[in-house]
Amino acid sequence: MEIIIQPNPGVATSLAARLLGKTIREKPDAVLGLATGGTMEALYRQLVAAKLDWSGVTTFNLDEYVGLPPDHPQSYHHFMGENLFHHINMSPRSINIPDGLAASIPAECEAYERKLSATGGIDLQLLGIGTDGHIGFNEQSSSLASRNRIKTLTPQTRKDNARFFASEEQVPHHVITMGIGTILESRHCVMLAFGARKAKAIAGAVEGPITSMNPASALQNHPKVTVILDEAAAADLILKDYYRWVYEQKPDWQKI
Ligand code: F6R
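Because the structure is a prediction, the values reported are computed rather than measured.

### Regarding the packing of helix H1 (residues 9–26) against helix H2 (residues 38–49)
In step 1: Two elements in contact, H1 and H2, have axes whose closest approach is 9 Å; the angle formed by their N-to-C orientations is 50°. Between H1 and H2, the interaxial angle falls into the category oblique. Helix-helix and strand crossings are classified by hand; for H1 and H2 the assignment is right-handed. Packed against H1, whose contacting residues are Gly10, Thr13, Ser14, Ala16, Ala17, Leu20 and Gly21, the element H2 presents Ala42, Leu43, Gln46 and Leu47 at the interface.
In step 2: Considered class by class, the residues forming the contact of H1 with H2 number six nonpolar, five polar and no charged.

### Quick word on the site of the ligand
In step 1: Residues in close proximity to the ligand total 15 residues, the closest being Thr39, Asp63, His134, Gly136 and Lys198.
In step 2: With the chains in place, 96% of the 410 Å² that the ligand exposes on its own is no longer accessible.
In step 3: A majority-of-atoms criterion places the ligand in the largest cavity.
In step 4: For the shell around the ligand, the class distribution of residues is three nonpolar, eight polar and four charged.

### Some words on the sheet that holds strand S4 (residues 63–65)
In step 1: Pairing within the open sheet is antiparallel, and its three strands lie in the order S4-S8-S7. Looking at the sheet topology across the chains shown, the edges are occupied by S4 and strand S7 (149–152). For this sheet, the mean angle separating the axes of adjacent strands, direction not counted, is 30°.
In step 2: For S4 and strand S8 (residues 174–177), the ladder comprises three bridges, and the chain directions are antiparallel. By the bridge assignment for S8, tyrosine 65 is matched with valine 175.

### Quick word on the pairing of strand S10 (residues 225–230)
In step 1: A large share of S10 lies buried, amounting to six of its six residues.
In step 2: Of the strand pairs in this sheet, strand S1 (residues 2–6) and S10 are connected by five bridges, and their pairing is parallel. Each bridged residue has a counterpart across the sheet, and for isoleucine 3 the counterpart in S10 is valine 227.
In step 3: Where strand S9 (residues 189–193) and S10 come together, five bridges link them in parallel fashion. Residue pairing for S10: leucine 192 is matched across the bridge by isoleucine 228.

### Details of the pattern of salt bridges
In step 1: Taken as a whole and assessed by the stated rule, the structure comprises eight salt bridges.
In step 2: The salt bridge partner of glutamate 231 is arginine 244, with a shortest N-O separation of 2.7 Å. Linking glutamate 231 in helix H8 (residues 231–234) with arginine 244 in helix H9 (residues 240–248), this pair joins segments that are 13 residues apart in sequence.
In step 3: Judged by its relative accessible area of 33%, glutamate 231 falls in the partly exposed class.
In step 4: Of the residues examined, arginine 244 reaches a relative accessible area of 22% and is grouped as partly exposed.

The rules behind the values
Residues numbered from 1 in each chain as written. Predicted model: local features only at pLDDT ≥ 70, side-chain atom pairs only at ≥ 80, totals over all residues. Heavy atoms only, no water. Axes fitted to C-alpha atoms, helices over the stretch in contact; angles between N-to-C directions. Helix = DSSP H or I, 4+ residues; strand = E, 2+ residues; numbered from the N terminus. Parallel < 35°, antiparallel > 145°, perpendicular 65-115°, else oblique. Left-handed = near helix turned anticlockwise from the far one by under 90°. Contact = heavy atoms within 4.5 Å. Nonpolar A, V, L, I, M, F, W, Y, C, P; charged D, E, K, R; others polar. Near = heavy atom within 4 Å. Areas by Shrake-Rupley, 256 points an atom, 1.4 Å probe, with all protein chains shown as cover. 1 Å grid on protein atoms, 1.4 Å probe; cavity = no way out; pocket = protein on both sides within 12 Å on 5 of 7 lines; lining within 4 Å. Sits in = over half its atoms within 2 Å of the grid points. Pairing = 2+ DSSP bridges. Buried < 20%, exposed > 50% of the residue type's maximum accessible area, 1.4 Å probe, protein only. Salt bridge = Lys/Arg side-chain N within 4 Å of Asp/Glu carboxyl O.

Here it is as structure tokens:
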């Protein structure tokens, strides 16, 4: 894993935006795995401002709430439209987000997985992390080999996400999410985490044992992971000085 610690979320987000921009410029038909949530909002704003050519890009979102229609203000369909897709030149045909209203959720999950492998897999997968270490909506105790499927949110995640809804009761209990096994097949995983409330989950994911009690720790088994943090999210890392030193000493050709 490459751990990059930046002074604040703004600088860290700019770095992530540069990395995404570089990927799209170098591979105009890139397949990107996208995430939602508060961490991604500023990143998508910067990507929109960068006026990249998205016409050849294909995207697959990590997850969606079960039971919310695409035009529901808290659905991830709506989030992605508002934050990114309505502002870039991507063809709607190249946008993939699980259908939370599918008549058969297992069939929807299988079809999503099939479509993803038919495109040749994800070049760059963006990830946030939950305060419990979840990636996508793979909650604690998720199988580290899991595929796309329905999951039940933990009380903690419903509490964390209640800030986007009028009340906690309105946060759905169920979601469709890419599995951890699916995420691990991406060629490059880029995880972003900002703020003190993510510090414990990040320390566990990066330096803890690989365990389903911190699903993001499965990324230790992936050959190419970039973790972009602000100081607050990096606070509990034992080797943070080492990570800083490594990043500062990088040769130019390795820099983002
Ligand atoms: C959402 C997703 C989640 C979030 C995580 C962090 O698509 O995959 O894993 O990335 O819950 O959310 P924020 O950024 O709101 O703290």
